[in-house]
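# Fold and contact review
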Amino acid sequence: MNESENMTREVAAPVRDNAEVEAALNRRYEAGFVTDIESTSLPPGLNEDTVRQLSAIKQEPEWMTEWRLAAYRHWLTMPEPDWAKLEIAPIDYQSVSYYSAPKAGLKSLDEVDPKLLETYEKLGVPLHERAKLAGVAVDAVFDSVSVGTTFRKELAEAGVIFCSMSEAIREHGELVRQYLGSVVPTADNYFAALNSAVFSDGSFVFIPKGVRCPMELSTYFRINAMNTGQFERTLIVVEDDAYVSYLEGCTAPMRDENQLHAAVVELVAMERAQIKYSTVQNWYPGDENGVGGIYNFVTKRGDCRGADSKISWTQVETGSAVTWKYPSCVLRGDRSVGEFYSVALTHHRQQADTGTKMIHIGKGTKSKIVSKGISAGRGQNSYRGLVKIEKGADGARNYTQCDSLLIGKKCGAHTFPYMEVKNPTAIVEHEATTSKISDDQLFYCLSRGIGEEDAVSMIVDGFCKQVFRELPMEFAVEAKKLLEVSLEGAVG
Amino acid sequence: MHMLKIDNLHARVEGKEILKGLSLEIKPGEVHAIMGPNGAGKSTLGNVLSGREGYEVTAGSVLFNGRDLLALEPEERAAEGVFLAFQYPVEIPGVNNTYFLRAALNAQRKYRGEDELDSMRFLKLVREKLKIMQISDELLHRAVNEGFSGGEKKRNEIFQMAVLEPKLAILDETDSGLDIDALKQVAEGVNALRSPDRSFVVVTHYQRLLDYIEPDFVHVLAGGRIVESGDKSLALKLEEQGYAWLADAHPELAKAELAGERA
């Protein structure tokens, strides 16, 4: 990224004292339970043998093994990135186990350990019949292996492929080989290279020409085993005139150690294809002193390869100790459209450095960025975005809106918008605001009879409205609830 | 029986004493106008009664229907029936006006042990009140005060008051920034809400508002105390003569306090 423009804002907001708030602060992380099932893990450590073993366990074809090894060798030559505004203790990649799977081989949903299904129940994952009611097809990834995909038959009738990445590599090898790494090359960045070497599972979606996927597709990720990294890889290919809406939810149990999560998501949209990708991320954020929590290093990129295609990212990031994530769009096709809607919340000692990149290559391409950062406690929240207009992108347009909300006086909000414009016909707009939940707003609510906690969540919900309305209905409700829980005790 | 009984109230803001022994008694159904020079403590009174943080009561007492009002949280005071119409109503972007009002009403009802209104019943109530207030539907669908004109904001305050049906309404310079038409509309709204069991404290700089909202009593607040009380003719006298004449009757008041300068 070029530092053509660089803005940092830190604003202190007034504080209120409240004993109730103290109590709420100590509220437990609701998804923080551990499921007690036997699992098979590779011993901690990473070398070429680990990569080979992993590939062998997954019965992968040779091309895949070689692909992983090439990525691994490249990874060894790369330095860890340090440009993000994050303070992270050094990560020991040799202490991480790169594979963990429930022990028994799994053939169908009926064979899935009931305890595991219970876990999903607790998390509210609409698996099994509940899925049917909700009209959601779920591919649930538990630690490293995909445990079952619902609605396979219904989707197959529409010609849609929705399965775990492992299965896709075995069953749809040619398709995977054609697209894997075509959006995020193995050498793209440090964490993408690591993921390419050791990814253990993830989801694969293929929507053939002219098909509108009959239901929302959904994946839930959960990290359970101790000292396990989760490296999932998702690939979504949508052919001409096809459409898919994909939802992703994430949780992890409470652990004192930091756990590593380095995912790669690649989206390919052909002519007039549309992809809507929504994430609600609720990884364990660590405790109020910053002990434990997930390190979330994610590379997400969509390629609008065909003319008039559209890729829309919506994310609600409330979890993780550290978030490093920039869902991006490469607007290659003429008149293609990229969108990024984001709510990122940091509380206690959480840190988030997140944003997007919009790369305009085709003519008449358009992008829209709406980013809402909320900081509370000692949370640090940075928006980092790049809008790049290449020479040939005649008439390209970008609109960026970047708002920060501060709760309390020890948190920080920062914006790092970068712009590179190489075509004089382009129009690039950027608006940024930083505000705090003011005493005025709070008192206004109180004076009407609304209690403090409700007032805060109401104000925050209003602040996020623009993003929430991009989420599918049931996700929007979940996102709102998550924010409420995450913010309890934030005004103090 | 008094609805509100303020006795010898002293209050500080940012370490500075603003109210210095204010006493005032209000019976149900009465309308009291409070006038006075700038910096006299008019807005402070409303904020102290509503429980705003940063307004520290150092002495005195406030009884509201026999209860110690100062011991209650701001949201509890609201539920007990105290309403403050803000001089500068606050914008809450993205929060729907109707949603806000329903949350407020139901929070108050819950506090009072009444059942909460579902959306149907609430909407019915809102429609009735809209009619009385002559406010358009469109206002309901917008975010709280966001992008409202000055007049719309003040009307929205009165509309909220109509829905929440408080026992004591404090109007803090509700007339400020309004042209004569907007002023009339706001006053009509207030008059429609006057009833034998609802009292009003109307804080204003100008006699003009009192042409439309006729007070039972007029008080002059200066130097942090009520220094003069009378009927509506007192307001007319103030309009004609300003505040300077009060210096003769109250030699203890500094000239600066009557001239509306902050000491």
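The numbering scheme is per chain: residues are counted from 1 as the chain's sequence reads. As they are written, the chains are lettered A onward and the ligands numbered 1 onward, keeping that order. Local features are withheld for residues below a pLDDT of 70 in this predicted model, meaning they are given only at 70 or higher, and side-chain atom pairs are given and counted only at 80 or more; totals for whole chains, interfaces and linings count all residues.

## Structural notes on the overall build of chain B
The criterion, for reference: Secondary structure elements are taken from DSSP: a helix is a run of H or I of four residues or more, a strand is a run of E of two residues or more, and numbering for both begins at the N terminus. For this measure, only C-alpha atoms enter the radius of gyration; the expected value for a globule follows 2.2 Å times N^0.38, where N is the number of residues. Exposure criterion: with C-beta atoms placed from backbone coordinates, a residue whose C-beta has 20 or more other C-beta atoms within 10 Å is buried, one with 12 or fewer is exposed, and one in between is partly exposed. Any pair of residues counts as being in contact when their C-beta atoms, constructed from backbone geometry, are within 7 Å of one another.
If you tally the helices and strands in chain B, you get 10 helices and 12 strands. Radius of gyration (C-alpha) of chain B: 18 Å, near the 18 Å computed for a compact globule of 263 residues. Dimensions of chain B, computed from the C-alpha atoms along their principal axes, are close to 60 × 40 × 35 Å. Split into buried and exposed, the 263 residues of chain B put 44% on the buried side. Put simply, 71% of the contacts in chain B that link residues at least 6 apart link residues at least 24 apart.

## Quick look at the overall build of chain A
For chain A, the count of helices and strands is 12 helices and 23 strands. For chain A, the proportion of its 492 residues judged to be buried stands at 56%.

## Let's talk about the interface of chain B and chain A
This is how it is decided: Under this grouping Gly is polar, as are all residues other than the nonpolar Ala, Val, Leu, Ile, Met, Phe, Trp, Tyr, Cys and Pro and the charged Asp, Glu, Lys and Arg.
In this complex, chain B contributes 22 residues to the contact, which on the side of chain A involves 18 residues. Here the element with the most residues in the side of chain B that touches chain A is helix α3 (residues 97-111) of chain B; it accounts for five residues. Grouping the constituent residues of the side of chain B that touches chain A by class yields 15 nonpolar, four polar and three charged.

## A few points about the environment of Y341 of chain A
All names here are of chain A. Along the chain, the position of Y341 falls in strand β17 (residues 337-346). Here Y341 falls in the buried class, since 25 other C-beta atoms lie within 10 Å of it. Sequence-distant contacts of Y341, defined by excluding residues within four places in its chain, comprise T314, V370, V467 and E470.

## Quick look at the confidence of the model for chain A
Parts of the model with low pLDDT should not have their predicted coordinates read in detail. All names here are of chain A. Convention followed: The predictor's confidence in any single residue is recorded as pLDDT, a number from 0 to 100.
Looking at chain A, the pLDDT average stands at 79 and 77% of residues meet or exceed 70. Per-element averaging of pLDDT across chain A places strand β1 (residues 7-9) at the bottom with 29 and strand β16 (residues 328-331) at the top with 96. Here residues 1-28 is a poorly scored stretch, pLDDT under 50, and it has 54 contacts once near neighbours within four places are set aside; other chains count. This model gives residues 103-107 a pLDDT under 50, and the stretch forms seven contacts once residues within four places in sequence are excluded.

## Notes on the sheet that holds strand β3 (residues 31-35) of chain B
Residues and elements named next belong to chain B. We count it as follows: At least two bridges found by DSSP between two strands is the condition for calling them paired. Interaxial angle, 0 to 180 degrees, is taken between N-to-C directions of lines fitted to C-alpha atoms, where a helix line uses only the stretch in contact.
On the basis of which strands lie adjacent, the open sheet formed by six strands has the order β6-β9-β10-β3-β11-β12 and mixed pairing. The sheet is open, and its two borders are formed by β6 (82-85) and β12 (225-230), each paired with just one other strand. In this sheet, adjacent strand axes meet at a mean angle of 20 degrees when their direction is disregarded. Where strand β11 (residues 217-222) meets β12, five bridges bridge the pair, whose relative direction is antiparallel. Considered in β12, the bridge of L221 is made with I226.

## Comments concerning the packing of helix α10 (residues 439-447) of chain A against helix α11 (residues 452-468) of chain A
All names here are of chain A. Quick note on the threshold: Our angle categories are set so that under 35 degrees counts as roughly parallel, over 145 as roughly antiparallel, 65 to 115 as roughly perpendicular, and the remainder as oblique. Take the far helix as your reference; a near helix turned counterclockwise from it by less than a right angle gives a left-handed crossing, and one turned clockwise gives a right-handed crossing.
Contact geometry for α10 and α11: axes closest at 9 Å, N-to-C directions at 125 degrees. The orientation of α10 relative to α11 falls into the category oblique. In terms of crossing hand, the pair formed by α10 and α11 is right-handed. Side by side, α10 and α11 meet where Q441, L442, C445 and L446 of the first sit next to E452, A455, M458 and I459 of the second. Of the residues assigned to the contact of α10 with α11, the class counts are six nonpolar, one polar and one charged.

## Observations concerning unusual backbone geometry
Residues and elements named next belong to chain B. Positive phi, close to 50 degrees, is recorded for N8, a residue that is not glycine. With 13 C-beta atoms counted inside 10 Å, the residue N8 sits in the partly exposed group. Phi at E165 takes a positive value of approximately 45 degrees, unusual for a residue other than glycine. The residue E165 is located in the loop between α5 (150-164) and β9 (168-172) in this model. The class of E165 is partly exposed, set by 16 C-beta atoms lying within 10 Å.

## Description of the sheet that holds strand β2 (residues 16-26) of chain B
Residues and elements named next belong to chain B. With antiparallel pairing, the four strands of this open sheet are ordered in space as β2-β1-β4-β5. Strands with a single pairing partner mark the edges of an open sheet, and in this sheet they are β2 and β5 (67-68). Summarising the sheet, strand β4 (residues 55-64) and β5 pair through two bridges and their orientation is antiparallel. Bridging across to β5, F64 finds its partner in R67.

## Some details on α5 of chain B
Residue and element names in this part refer to chain B. As a reminder of what qualifies: A helix is expected to reach a length of 1.5 Å times the quantity of its residues less one.
Its 15 residues place the ends of α5 21 Å apart at the C-alpha level, agreeing with the 21 Å of an ideal helix rising 1.5 Å per residue. With respect to burial, α5 is a largely interior element, 11 of its 15 residues being buried. Along α5, the positions that sit buried rather than exposed are K153, K154, R155, N156, E157, I158, F159, Q160, M161, A162 and L164. Looking one or two residues past α5, E165 carries a phi angle of roughly 45 degrees, positive in sign.

## Quick notes on the confidence of the model for chain B
Residue and element names in this part refer to chain B. For chain B, per-residue confidence averages 90 on the pLDDT scale, and residues scoring 70 or more make up 97% of the total. At the low end of the mean pLDDT range in chain B sits helix α10 (residues 255-258), at 66; at the high end sits helix α2 (residues 74-80), at 97. Complex prediction metrics read pTM 0.77 and ipTM 0.94.

## Regarding the packing of helix α4 (residues 119-133) of chain B against α5 of chain B
All names here are of chain B. For the pair α4 and α5, the least separation of the axes is 10 Å and the interaxial angle reads 130 degrees. Here α4 is positioned oblique relative to α5, judged by the angle of their axes. α4 and α5 meet at a crossing whose hand is right-handed. On α5, the residues touching L125, V126, K129, I132 and M133 of α4 are R155, I158, F159, A162 and V163. Classifying every residue of the contact of α4 with α5 gives eight nonpolar, no polar and two charged.

## Here's the deal with the nonpolar core
Looking at soluble globular proteins, one finds that nonpolar side chains tend to be buried together. Using the following cut-off: To form a nonpolar core, buried Ala, Val, Leu, Ile, Met, Phe, Trp, Tyr and Cys residues must be joined through C-beta atoms within 7 Å.
Among the nonpolar cores identified, the biggest contains 190 residues, and V238 and V244 of chain A together with F83, I170 and V202 of chain B are the most heavily contacted of them. The greatest single-element share of this core, amounting to nine residues, is contributed by α11 of chain A. Setting aside anything within four residues of it in sequence, one finds V202 of chain B in contact with V31, H32, A33, I34, L171, L209, I213 and P215 of chain B.

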